[in-house]
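Here is how the chains run, residue by residue.
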Amino acid sequence: MSEPIRVLLVDDHALLRAGFRTILDTQPDITVVGEASSGAEAVAQASALHPDVITMDVQMPDMDGIEATRRIVADPAVAAAIAIVTTFDRDDYLYQALDAGASGFLLKNAGAEDLIAAVRALAAGDGMLAPEVTRRVLARFAATPAPEPAAAPIGSSTTPRVTLAEPLTEREAEVLTLLADARSNAEIARALYIGEATVKTHVSRILQKLGARDRVQAVVLAHRMGLA
């Protein structure tokens, strides 16, 4: 059996962390390895515990979740995927979280199944956005002209520059277009009449060429730079 997904819960409300722990610890493939009640504590815990996935609140004392996300993503010793979980359905939080390097965004009123699915998706490197959030992200980037390139890494608060190691192939461009439409691997496979394993290979190559951490970052980056 593979090792369970290691999760760090970050929220300044102990009752919410307890609820998340209860939900996640019922799953045989998920284990909660730690909790943090502030952004600064989250950064320290991420470095000490090396979780696979972090659920991150936004508004917290000491350091907010956006800044904590930015610092965790910038640490090369930490490979955790971060899901922003908040009660605030606000576009500014969403875009700041994606800029900071978050791989997912869920509202706290999401169901238990949504939380479990998000953790599994992030652990698999797929990224996760609530459907209503995905629609807003795509609408925003589709309506915004591609800016001039500026030198900055993915996850920074400024627009990143894309320097492809090699051009995308025609098939990779097709896969990226479908990724940007929030399609799953299975949906992409059906649309292009190829196997899911082949889709995974193409996605892996796309991430490598774009220098993206995961699918969510690839989609955001592709829309910003006019690649999708």
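Residues numbered from 1 in each chain as written. Predicted model: local features only at pLDDT ≥ 70, side-chain atom pairs only at ≥ 80, totals over all residues. Heavy atoms only, no water.

Counting its secondary structure elements, the chain contains ten helices and six strands. Buried residues in the chain amount to 46% of all 228 residues. Put simply, 65% of the contacts in the chain that link residues at least 6 apart link residues at least 24 apart. When the accessible surface of the chain is summed, it comes to about 10,700 Å², and 53% of that surface belongs to carbon and sulfur atoms. (Helix = DSSP H or I, 4+ residues; strand = E, 2+ residues; numbered from the N terminus. Buried < 20%, exposed > 50% of the residue type's maximum accessible area, 1.4 Å probe, protein only. Contact = heavy atoms within 4.5 Å. Areas by Shrake-Rupley, 256 points an atom, 1.4 Å probe, with all protein chains shown as cover.)

Strand β4 (residues 81-86) sits mainly inside the fold: six of its six residues count as buried. In terms of strand pairing, strand β3 (residues 53-56) meets β4 through four bridges, oriented parallel. Considered in β4, the bridge of Val53 is made with Ala81. Where β4 meets strand β5 (residues 104-107), four bridges bridge the pair, whose relative direction is parallel. The partner of Ala83 across the bridge, within β5, is Gly104. (Pairing = 2+ DSSP bridges.)

Once that is clear, we can look at the confidence of the model for the chain. Per-residue pLDDT for the chain has a mean of 82; in total, 79% of the residues score no lower than 70. A low-confidence stretch, residues 145-160 (pLDDT under 50), is modelled with 35 contacts involving residues beyond four sequence positions or located in other chains. (pLDDT = per-residue confidence, 0-100.)

This part covers the pattern of salt bridges. Under the counting rule described, the total for this entry stands at ten salt bridges. Put simply, Asp25 and Arg21 hold a salt bridge, and the shortest N to O gap is 3.6 Å. You can see Asp25 and its partner Arg21 sitting in helix α1 (residues 14-25), four residues apart, about one turn around the helix. Asp25 gets classed as partly exposed once you look at its relative accessible area, which sits at 37%. (Salt bridge = Lys/Arg side-chain N within 4 Å of Asp/Glu carboxyl O.)

Of the positions making up helix α7 (residues 170-179), those classed as buried are Glu172, Val175, Leu176, Leu178 and Leu179. The arc that holds the buried residues of α7, viewed along the axis, is 160 degrees, so those residues lie on one side. (Arc of directions from axis to C-beta.)

Axis separation between helix α8 (residues 185-192) and helix α9 (residues 196-210) bottoms out at 9 Å; the angle between their running directions is 105 degrees. With respect to α9, the element α8 is oriented roughly perpendicular. Counted together, Asn185, Ala186, Ile188 and Ala189 of α8 and Glu196, Val199, Lys200 and Val203 of α9 form the full contact between these two elements. (Axes fitted to C-alpha atoms, helices over the stretch in contact; angles between N-to-C directions. Parallel < 35°, antiparallel > 145°, perpendicular 65-115°, else oblique.)

Core analysis: the biggest nonpolar cluster contains 29 residues, and Val10, Ile54, Met56, Ile72, Ile82, Ile84 and Phe105 have the highest contact counts within it. Residue assignment for this core shows that the elements contributing at least two residues are β1 (5-10), α2 (39-49), β3, α3 (65-74), β4, α4 (91-100), β5 and α10 (215-224). At six residues, α4 tops the list of elements feeding residues into this core. Membership of the second largest hydrophobic core comes to 18 residues, among which are Ala189, Ile206, Leu207 and Val219. (Core = buried A, V, L, I, M, F, W, Y, C linked by side-chain atoms within 4.5 Å.)

This paragraph deals with the side chain of Arg17. As for its placement among the helices and strands, Arg17 is situated in helix α1. Contacts of Arg17, omitting those with residues within four sequence positions, involve Leu9, Asp11, Asp12, Glu35, Ala36 and Ser37.

Time to look at the environment of Ser37. Residue position: Ser37 is located in the loop between β2 (30-36) and α2. Judged by relative accessible area, which is 30%, Ser37 ranks as partly exposed. With 23 residues separating them in the primary sequence, Ser37 and Met60 have C-alpha atoms 7.5 Å apart. Not counting residues up to four positions away in its chain, the partners in contact with Ser37 are Asp11, Asp12, Arg17, Met60 and Pro61. Within the structure, Ser37 has its side chain in polar contact with the side chain of Glu41 (distance 3.0 Å). (Polar contact = N/O pair within 3.5 Å; in protein donor to acceptor, adjacent residues only side chain to side chain.)

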